[in-house]
Amino acid sequence: MVRIILIYSVINIVIQCDVISRSSYCDIKYVFNGQLGVKIADCKNRGLQFVPQDLPRDINVLDISSNQLKSIDSSSLINYTHLQELNVRKNQHKHLSNESFQGLYNLAVLDMSHNLLDLSHAYSPELFLPIQHLTKLDIRSNMPQPGSYKKQFDYPGHAFGVLRELTFLGIDMMPVPICGSGFSQMKYLRKLYFQSCYLVRLSNETFLKFSSSVEELYLKNCRLNFVKTEDDALSPFPHLLVLDLFGTFMHLTRALLLLHPYRYRNMTMINVGHVSDLTIDSDDFPYALTITSDIMKNLKSICIENLDLSQNGIVDYKHGSLFSFDHPECLKHLSLKGNRLILAHINNHEEIDSFFRKALRLQSLDYSYNVVNFFIENSMTSVSNFKSSGGVILPASLEKLDISFTIVNTLPLLFIVPKINNLTYLEISYTNTTVTMIFIELRLETFISAGTRYSLGWNELNRFQETNLKKIVLKDATLNDGIDTYGNRFFMKCQSVESLDISKNSIWHFSDDLFKPMPNLSNLYLTNNFLQSIPEQLNTHTNIKVLDVRKNLLTTINSLIRNWADQMHGIHGMTLYLDGNAFMCNCDNLDFIRWIHTTKVDLDSRSYQCQLSNGSVTDTLIAYNSFTELFSDCKSNMWFSNW
């Protein structure tokens, strides 16, 4: 999602000082970008119904988002002539005055998204005259769903035409848009982002009045209707580098025809993921789609770096189509996620093999949520036999491989990654296969194997280089059985691991030295298990920064772990997630209740549900604030005196 780039968060390392003052409603801060200081008034989420008038007059950024403002009254901002950025998103604005932005001659960024500003009447020709130097305007998510999808909608080009320095425009897309000549005045417009999309017809005239300077077009999630398209609809944007149509239901065949103006061109990204859907399935536009060379004729000619063809119902492909790019060497990231694609037929193997051999820059391949059928008859004894029988050797440039949620049938080998490779990320979660996947050599940094038997993870862990692996995810992998079987030997090859997620594994205890092989462990996720206490062996780990034990069976946290957590926070900061446990609010837990509200450890809450001695349920905040009433019968007189 494209975001307006905040002035105080770009380019260089930013150093933020403490709050230096406070108005009636807002925090005033300085942020330094190098030696340049920016003064920010942070007024978001304060229940405001008007623009504060007591702020310093030299503020550069005013953030009054997530409040209850219904309008920007005439001249209510006139005192803040140094403003460069104004954020009023997520309010209730319905009206704007011609004087709303009076005096804001230095304003460069204006975010009015997620309000109630109707394009048909909220924007007068004089509205933007005081802020003609605006470079970024975001008015997305303002338009309600229309009552009619047939009526043409005239965009107020007369109002936007004065914004000749805009580089970013975020706006809503109506069903049958008519854009006036004013939009052609935006000669520097680079990013055009549509949201709250109700489009039903993308014609050759939809963008005709826009400037040809646009390089990035985002037209996403237009899914309320089948979007009819004309082949030359994108011709007004001859310099386009990024096209994102994700979730706009026009069917993949029609989306790829829109690429006609970019044949034999270079592009950075084409995202036509989920442009086909079962809701628009028909004889003319079938959801179960076989890719042909005619469908690919435009796309195959483009030198494209990032390509997303995910979730389009692709079930098959003809020879000379899906993997027959003219410039496979351009590809860096390819997503075929969520299709029902048969990856390789015996007759198409040479085509697949040629594609991967030429895709010398390919860094990520997302093949999750697919069905793989290799029709292989011979047994494999070498890499050469593997190739000749229909297998695929992935390019050495590949850095990320995701084959999760893939059903693998009749397959002795899935992929081979060459010995010299750049593969650092591998996900095989919820992969349904009864065979072993073989990799010649792994130098992974991230390994994710959720929803598979622990034995699959165990087999792959034993292949890893001991000094490379940084992150392991083994969620929902029956790991409790693996721990019972192997103990800490399960993690013997994990000396370099920094992040471990073993959530949702029905774990109820740990052997005392389970984590001993991982001295560098800093992030540990143990959610959705059956732990009745936090493992005391963590007391010897001095690098832990994040510990997540939500949704277990904890009734308390003992003093050893509390003291350890306080020490970790003092050394390098620590975050502790505790929600969803079975805490007790009784006499034995008084120290724990007090600790929740006095510790400096970053907790996910200061109010956890807990059970009183009489069986009723309250929370730790109420227990802390009602200590005398709730625990008057406790015998810890010394503890009372310290409360």
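What counts as what
- Residues numbered from 1 in each chain as written.
- Predicted model: local features only at pLDDT ≥ 70, side-chain atom pairs only at ≥ 80, totals over all residues.
- Heavy atoms only, no water.
- Phe/Tyr/Trp six-rings, centres within 6.5 Å; stacked < 30°, edge-to-face > 60°.
- Helix = DSSP H or I, 4+ residues; strand = E, 2+ residues; numbered from the N terminus.
- Buried < 20%, exposed > 50% of the residue type's maximum accessible area, 1.4 Å probe, protein only.
- Lys NZ or Arg CZ within 6 Å of the ring centre and 35° of its normal.
- Disulfide = S-S within 2.5 Å.
- Axes fitted to C-alpha atoms, helices over the stretch in contact; angles between N-to-C directions.
- Parallel < 35°, antiparallel > 145°, perpendicular 65-115°, else oblique.
- Left-handed = near helix turned anticlockwise from the far one by under 90°.
- Contact = heavy atoms within 4.5 Å.
- Nonpolar A, V, L, I, M, F, W, Y, C, P; charged D, E, K, R; others polar.
- Arc of directions from axis to C-beta.
- Patch = residues over 30% accessible without salt bridge, like charges linked within 9 Å, V, L, I, M, F, W, Y side chains within 5 Å.
- Areas by Shrake-Rupley, 256 points an atom, 1.4 Å probe, with all protein chains shown as cover.
- Salt bridge = Lys/Arg side-chain N within 4 Å of Asp/Glu carboxyl O.
- pLDDT = per-residue confidence, 0-100.
- Core = buried A, V, L, I, M, F, W, Y, C linked by side-chain atoms within 4.5 Å.
- Polar contact = N/O pair within 3.5 Å; in protein donor to acceptor, adjacent residues only side chain to side chain.
- Pairing = 2+ DSSP bridges.

**So, the packing of aromatic side chains**
Overall, the coordinates contain 24 aromatic pairs when judged by the stated rule. Arranged with centres 5.3 Å apart and planes meeting at 65 degrees, the rings of Phe323 and Phe355 form a pair that is edge-to-face. Taken as a pair, Phe323 in the loop between β22 (314-317) and β23 (333-335) and Phe355 in helix α3 (residues 349-358) lie far apart in primary sequence, 32 residues in all. Among the residues examined, Phe323 registers a relative accessible area of 5% and is labelled buried. A relative accessible area of 2% means that Phe355 is categorised as buried. With centroids separated by 5.2 Å and ring planes inclined at 70 degrees, the aromatic side chains of Phe490 and Phe491 adopt a geometry described as edge-to-face. Judged by relative accessible area, Phe490 falls into the buried class, the value being 2%. The class for Phe491 is buried, based on a relative accessible area of 0%. In this structure an aromatic cluster arises from ring pairing among Phe101, Tyr123, Phe128, Phe153, Tyr155, Phe160, Phe183, Phe194, Phe207, Phe210 and Phe237. Here the basic side chain of Arg140 rests over the ring of Tyr193, its NZ or CZ set 4.4 Å away from the ring centre.

**Description of the state of the cysteines**
In the structure shown here, the tally under the stated rule is 4 disulfides. With its sulfur 1.9 Å from that of its partner, Cys585 forms a disulfide with Cys610. On the S-S bond that ties Cys585 to Cys610, the torsion sits near -90 degrees, and the link is left-handed. Of this pair, Cys585 sits in strand β37 (residues 583-585) while Cys610 sits in strand β39 (residues 609-612), placing them 25 residues apart in sequence. Residue classification places Cys585 among the buried residues on the basis of a relative accessible area of 1%.

**Here we look at the packing of helix α7 (residues 559-572) against helix α8 (residues 590-598)**
When two helices pack together, their arrangement is captured by the angle between the axes and the distance separating the axes. Packing of α7 against α8 brings their axes to within 11 Å, and their N-to-C directions diverge by 15 degrees. Classified by the angle between their axes, α7 and α8 sit roughly parallel to one another. In this structure, α7 meets α8 at a crossing whose hand is left-handed. Residues Arg562, Ala565 and Asp566 of α7 touch α8, and the partners they reach there are Asp591, Phe592 and Trp595. When grouped by side-chain class, the residues that make up the contact of α7 with α8 number 3 nonpolar, no polar and 3 charged.

**What about helix α6 (residues 479-486)?**
Residues that lie three or four places apart on an α-helix share one face, since the helix turns once every 3.6 residues. Along α6, the residues that are buried comprise Leu479, Asn480, Gly482 and Ile483. For α6, the angular spread of the buried residues around the axis is 160 degrees, confining them to a single face. A positive backbone phi angle near 60 degrees is found at Gly487, which sits one or two residues after α6.

**A word on a nonpolar patch on the surface**
Residues Tyr369, Phe405 and Tyr430 make up a contiguous nonpolar surface patch of about 260 Å² in total accessible area. With respect to the helices and strands, the residue Tyr430 is situated in the loop between β30 (425-427) and β31 (446-448). Looking at Tyr430, the relative accessible area reads 33%, which means it is partly exposed.

**Notes on the pattern of salt bridges**
What the rule picks out here adds up to 14 salt bridges. Of the charged contacts in the structure, one is a salt bridge between Lys29 and Asp42, with a shortest N-O distance of 3.7 Å. Of this pair, Lys29 sits in strand β3 (residues 27-33) while Asp42 sits in strand β4 (residues 36-42), placing them 13 residues apart in sequence. Its relative accessible area of 10% is what places Asp42 among the buried residues. The residue Asp244 makes a salt bridge to Lys220 at a minimum N-O spacing of 3.8 Å. Of this pair, Asp244 sits in strand β18 (residues 242-244) while Lys220 sits in the loop between β16 (216-219) and β17 (228-229), placing them 24 residues apart in sequence. The pair Asp244 / Lys220 is uniform in exposure class, with both members buried.

**Things to note about the confidence of the model for the protein chain**
When pLDDT is averaged along the protein chain, the result is 85; 85% of the residues meet or exceed 70. Taken together, the stretch residues 1-23 has pLDDT below 50 and engages in 50 contacts with residues farther than four places along the chain or on a different chain. Taken as a whole, residues 374-390 scores under 50 in pLDDT and shows 40 contacts with residues more than four places along the chain or in a different chain.

**Some points on the environment of Pro238**
As for its placement among the helices and strands, Pro238 is situated in the loop between β17 and β18. Assessed through its relative accessible area of 32%, Pro238 is described here as partly exposed. Spatially, the C-alpha atom of Pro238 lies 8.1 Å from that of Ser213, the residues being 25 residues apart in sequence. Leave out the neighbours within four places in its chain, and Pro238 touches Ser212, Tyr262 and Arg265.

**Looking at the nonpolar core**
Counting residues in hydrophobic clusters, the biggest one holds 167 residues, and the most contacted among them are Leu62, Phe101, Tyr123, Phe128, Phe160 and Leu547. Of the residues forming this core, the biggest block, 5 residues, is contributed by α8. Not counting chain neighbours up to four residues away, the residues in contact with Leu62 comprise Ala41, Cys43, Val51, Leu55, Leu77, Leu83, Glu85, Leu86 and Asn87.

**Re the environment of Ile502**
In this fold, Ile502 is placed in the loop between β33 (499-501) and β34 (523-525). Along the sequence, Ile502 and Leu526 sit 24 residues apart, while their C-alpha atoms lie 5.6 Å from each other. With residues near it in sequence (within four places) discarded, Ile502 still touches Leu474, Leu479, Phe491, Ile507, Phe510, Phe515, Tyr525, Leu526 and Asn529.

**Quick notes on unusual backbone geometry**
Backbone geometry places Asn45, a non-glycine residue, at a positive phi of 55 degrees. For Asn45, the position within the fold is in the loop between β4 and β5 (61-63). With relative accessibility at 59%, the residue Asn45 sits in the exposed group. Look at Lys90: it is not a glycine, yet its phi comes out positive at around 55 degrees. Looking at where Lys90 falls in the secondary structure, it is placed in the loop between β7 (85-87) and β8 (95-96).

**Details of the side chain of Thr620**
As for its placement among the helices and strands, Thr620 is situated in helix α9 (residues 620-625). A polar atom in the side chain of Thr620 sits 3.4 Å from the backbone oxygen of Arg606. Those residues within four positions of Thr620 in sequence are excluded, and the remaining contacts are Cys585, Ile593, Ile596, His597, Arg606, Ser607, Tyr608 and Cys610.

**Side note on the sheet that holds β37**
The strand order β37-β39-β40 describes an open sheet built from 3 strands, whose pairing is mixed. A single partner strand is all that each edge strand has here, and the edge strands are β37 and β40 (617-619). Mean inter-strand twist for the sheet, computed between neighbouring axes without regard to direction, equals 50 degrees. Two elements, β39 and β40, share 3 bridges in a ladder whose sense is antiparallel. Its bridge partner being in β40, Cys610 is matched across the sheet by Thr618.

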